[in-house]
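Descriptive structure summary
This is what each chain is made of:
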Amino acid sequence: SLDISVEELRVALDSIDNSFKYQYGTIDLNDGLATLNVPDGFKFLDAEQSAYVLTDLWGNPPSETLGLLFPEEMSPFHENFTYCVEITYSEDGYIEDDDAKDLDYDDLLEEIQEDIVSQNPERIAQGYDAYELVGWASPPFYDSENKKLHWAKELKFDGYDVNTLNYDIRVLGRKGYL
């Protein structure tokens, strides 16, 4: 156990928060992969700092991230933290509009649930909590005009009373999706 006061903890967390260098305006993601126009009221944390937040500070398994987008008043340790947006890229190839429209969302849900169950032993072995996909918090929807696939998953992590909402927006491109 740590012998640290609440005030000492607050000072340490503030020090970490103050070390971040946020960006605003137009951001080049991954050497020309995409351009992010940071909306008013938001701030962007680059890939290296975001990986530190996600893995070291928040205890997630390591992953490839392009960055995190936070509401202006939010930070990784904000007292009333609500959300941030993680930006990732997967080069899984081009997805035709008809394929995106015709996805069987029940099959997709089952596939994701099975993937999670099969990955849980490895997560536990690495010291992470097991979890399950409870179901769609918002069923998938394809916006063909903007080439975006939306869905929200309700996740239940072992040892937590409150479920987590994970909202995905996949911007479909020629070689993969953001």
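We now turn to the structure provided with this report. This one's a predicted model, so the numbers in the text were calculated from it and none came from an experiment.

Before going further, it helps to examine a nonpolar patch on the surface. On the surface, Tyr167, Ile169 and Val171 cluster together into a nonpolar patch covering about 260 Å² of accessible area. Inspection of the secondary structure assignment puts Val171 in strand β8 (residues 164-171).

Neighbouring strands of a sheet are bound in pairs by backbone hydrogen bonds; such pairs are parallel or else antiparallel. If you walk across this open sheet you meet the three strands as β6-β7-β8, and the pairing is antiparallel. Two strands close off the open sheet at either side, each with one partner strand: β6 (131-143) and β8. Neighbouring strand axes in the sheet, compared pairwise and without regard to direction, differ in orientation by 15° on average. Across nine bridges, β6 lies against strand β7 (residues 148-157) in antiparallel orientation. Across the sheet, Glu132 pairs through a bridge with Lys156, a residue of β7.

All right, on to the nonpolar core then. Of all hydrophobic cores here, the largest spans 14 residues; its most connected members are Tyr105, Leu108, Ile112, Leu133 and Trp136. Of all the secondary structure elements, the ones that give two or more residues to this core are α4 (105-125), β6 and β7. Among the elements that take part in this core, α4 stands out by supplying five residues, more than any other. Beyond its immediate sequence surroundings of up to four residues, Leu108 is in contact with Trp136 and Trp151. In this structure, Ile27, Leu29, Leu36 and Leu66 belong to the second largest nonpolar core, which totals nine residues.

Pairing is antiparallel in the open sheet, where three strands are placed in the order β3-β4-β5. Because the sheet does not close on itself, it has two edges, and the strands there are β3 (42-46) and β5 (85-87). Recorded for the sheet is a direction-independent mean angle of 25° between the axes of neighbouring strands. Relative to β5, strand β4 (residues 67-71) runs antiparallel, the two sharing three bridges.

Here we take up the pairing of strand β2 (residues 34-37). A one-sided burial pattern is seen for β2, the buried positions being Ala34 and Leu36 and the unburied ones Thr35 and Asn37. The sheet contact formed by strand β1 (residues 26-29) and β2 spans four bridges and is antiparallel. When the sheet's bridge partners are listed, Ile27 is paired in β2 with Leu36. Linking β1 back to β2 in an antiparallel pair, the connection comprises four residues, with Asn30 at a positive phi of about 55°.

Reading the values: rules and limits
Residues numbered from 1 in each chain as written. Predicted model: local features only at pLDDT ≥ 70, side-chain atom pairs only at ≥ 80, totals over all residues. Heavy atoms only, no water. Patch = residues over 30% accessible without salt bridge, like charges linked within 9 Å, V, L, I, M, F, W, Y side chains within 5 Å. Areas by Shrake-Rupley, 256 points an atom, 1.4 Å probe, with all protein chains shown as cover. Salt bridge = Lys/Arg side-chain N within 4 Å of Asp/Glu carboxyl O. Helix = DSSP H or I, 4+ residues; strand = E, 2+ residues; numbered from the N terminus. Pairing = 2+ DSSP bridges. Axes fitted to C-alpha atoms, helices over the stretch in contact; angles between N-to-C directions. Core = buried A, V, L, I, M, F, W, Y, C linked by side-chain atoms within 4.5 Å. Buried < 20%, exposed > 50% of the residue type's maximum accessible area, 1.4 Å probe, protein only. Contact = heavy atoms within 4.5 Å.

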